[in-house]
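Descriptive structure summary
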Amino acid sequence: MVPMVRDRRATVLLLMILCIALVAFPNVEIVKAEEPIYIRADGSVEGTELIRKDGNVYTFTANIYGPIVVEKDDVAIDGAGYTLNGTGAYHREGIDLSDRNSVAIKNMRICGFEYGIYLQSSSSNTICGNNIIANGFAGIKLACFTKDSIVIGCSFNSIYGNNITDNSGEGISLHTSPQNSIHDNNITNNGVDGLYLDRCSFNNTILRNDIKNNGRDGIMCVIASGGNRISGNNISNNRGNGVTLTLNSNVNIISENNILNNNHGIEINNSQYPSNNTISVNNITSNNVGIGISASSDNRIYNNNFVNNDIQFLADVGSVNNLDNGFEGNYWGNYNGTDNDGDRIGDTPYIIDEKNRDNYPLMEPVIIPEFPSWTPLLITLVAAVTVAVVYRRKLQNWGRQMK
């Protein structure tokens, strides 16, 4: 008899806890896996009633669980401050934009997928004003597709004003994807690289981003990912390097960045051709190595500030580079030469080794232009929209109650 009484008491106690939970938390949403939601080529929405269609604009009316597959070009998907939730299952993309053109994704939180947003052979799309967080691999993935031995990547896409953080892999990953614009984003605390450019991802513009506290490099360019412009970024406190250019990633321009507290501020390696990267007008500060170069030559490095790095500049025996432009070199915090003629250029070279020397070391630090970053404004606007949406819902609920 005693065990039966105990079982009944346990059952009653469990029911009481469930009742209290239902009363105390009536609005808790039940997380469940859902089948994909489709925006079909004819413009119809399949799989949910929580997306309102108005012409070519599709707007969330509540939080949504499950991936969205977009099959129509020239549309805008507005999250209106709501969340697109994944279940953490692999092989699911939060929003799948494969083979899509001129689609805008904005104003939503995307979390819990393998990739927050996935593009494959997609062009001229816009991704702006989103919080893309805690996804299993990359926050945003730009991938290529091979058909009849022709590789088709993602081009002319614009990614700006997003908060891309706490993803297990890269913040943004590009594979064979040239001529994209990535600007004014917050790319932080991702498990691997903040930005990863792979296999001929060339001629991309990376401008005015905050790229911090990532698990490996802030920006990595690998396998012939050249011709990229990396300017006006704050690249700091990454566990690996600030910027890595490797495996024939040549003819990149790195300018007007603040690069500090990384392993190497900039590392260039493994180029069988003249590298021809230009590194100018950067603050390279408080890194273990300011710039490290191996198996790469003919890089142009001038008008930079090298301050408080454990090793200012490190090059292997086979790497010969230009540390001035023929008139001016760099500012070296540990240069102890003199300037007797008052031309603000040291009278003696700053010598790294017998093949790498700055013939015109600067006596005063270079002034780095401050790019007007739109990131804080965009994040503030996203937050303001979210607050406005929540406030409007409360007013609507209050109105219903008064009726």
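These numbers were taken from a predicted model, which means no experiment stands behind them. (Residues numbered from 1 in each chain as written. Predicted model: local features only at pLDDT ≥ 70, side-chain atom pairs only at ≥ 80, totals over all residues. Heavy atoms only, no water.)

**Regarding the overall build of the chain**
For the record, the criterion: What counts as a helix is a DSSP run of H or I of at least four residues, what counts as a strand is a run of E of at least two, and both are numbered from the N terminus. For each residue, the accessible area found with a 1.4 Å probe, counting protein chains only, is set against the maximum for its type, and the residue is called buried under 20%, exposed over 50%, and partly exposed in between. Residues count as neighbours in contact if any of their non-hydrogen atoms are within 4.5 Å of one another. Computed by Shrake-Rupley with a 1.4 Å probe, the accessible areas treat only the displayed protein chains as cover when residues are assessed.
Along the backbone of the chain there are two helices and 41 strands. In the chain, buried positions account for 49% of the 403 residues. Once local pairs closer than 6 in sequence are excluded, the contacts in the chain between residues at least 24 apart make up 54%. As displayed, the chain has an accessible area near 19400 Å², and 54% of this comes from carbon and sulfur atoms.

**Quick notes on unusual backbone geometry**
Unusually for a residue other than glycine, Ile223 sits at a positive phi of about 55 degrees. Here Ile223 lies in the loop between strand S26 (219–222) and strand S27 (229–231). Positioned with a positive phi, Asn308 is a non-glycine residue whose angle comes to about 60 degrees. When you line up the elements, Asn308 lands in the loop between strand S37 (305–307) and strand S38 (311–315).

**Some remarks on the side chain of Ser155**
Assignment of secondary structure puts Ser155 in the loop between strand S17 (150–152) and strand S18 (158–160). In this view, Ser155 contacts Ser122, Ser123, Ser124, Pro178, Gln179 and Asn180; residues no more than four positions away in its chain are not counted.

**Focus: the side chain of Thr176**
So the rule is basically this: Polar contact criterion, stated in full: a pair of N or O atoms within 3.5 Å, where within protein one must be able to donate a hydrogen and the other to accept it, and residues adjacent in sequence count only if both atoms are side-chain atoms.
Mapped onto the fold, Thr176 is located in the loop between strand S20 (172–175) and strand S21 (181–183). At a separation of 3.0 Å, a polar atom in the side chain of Thr176 contacts the main-chain carbonyl oxygen of Arg199. With near-sequence residues (within four places) excluded, Thr176 lies in contact with Cys144, Val151, Gly153, Cys154, Asp198, Arg199, Cys200 and Ser201.

**Some thoughts on the sheet that holds strand S31 (residues 258–260)**
Our working definition: The pairing criterion is simple: DSSP has to find at least two bridges between the two strands.
Taken in spatial order, the twelve strands of this open sheet run S5-S8-S11-S14-S19-S22-S25-S28-S31-S34-S37-S39, and their pairing is parallel. Each of the sheet's edge strands pairs with one partner strand only, and the pair in question is strand S5 (64–65) and strand S39 (331–332). By the bridge criterion, three bridges tie strand S34 (residues 283–285) to S37 in an arrangement that is parallel. The residue of S37 that forms the bridge with Thr285 is Val307.

**Quick notes on the packing of aromatic side chains**
Heads up, the rule is: Two aromatic rings from Phe, Tyr or Trp, using only the six-membered ring of Trp, form a pair when their centres are within 6.5 Å; if the ring planes differ by under 30 degrees the pair is stacked, by over 60 it is edge-to-face, and anything between is tilted.
Scanning the entire structure with this criterion turns up five aromatic pairs. Taking the centre distance of 4.3 Å and the plane angle of 10 degrees together, the rings of Phe306 and Trp332 count as stacked. Placement of the pair is Phe306 in strand S37 and Trp332 in strand S39, with a sequence separation of 26 residues. An identical accessibility class is assigned to Phe306 and Trp332; each is buried.

**With respect to the sheet that holds strand S10 (residues 104–106)**
How we decide: Working convention: axes come from line fits to C-alpha atoms, limited for helices to the stretch in contact. Angles between N-to-C directions cover 0 to 180 degrees.
Read across the open sheet, the twelve strands follow the order S3-S4-S7-S10-S13-S18-S21-S24-S27-S30-S33-S36; overall the sheet is mixed. Taken across any chain shown, the strands that pair with only one partner, and hence form the sheet edges, are strand S3 (51–54) and strand S36 (300–302). Ignoring strand direction, the axes of neighbouring strands in this sheet form an average angle of 10 degrees. Relative to strand S4 (residues 57–60), S3 runs antiparallel, the two being bridged by four bridges. The residue of S4 that forms the bridge with Arg52 is Thr59.

**Considerations on the environment of Asn107**
Summarising the element assignment, Asn107 is placed in the loop between S10 and strand S11 (109–111). C-alpha of Asn107 to C-alpha of Gly129: the two residues are 22 residues apart in sequence and 5.1 Å apart in space. Setting aside residues no more than four positions away along its own chain, Asn107 makes contact with Asp78, Gly79, Ala80, Gly81, Tyr82, Cys128, Gly129 and Asn130. Polar side-chain contacts of Asn107 include one of 3.2 Å to the side chain of Asp78.

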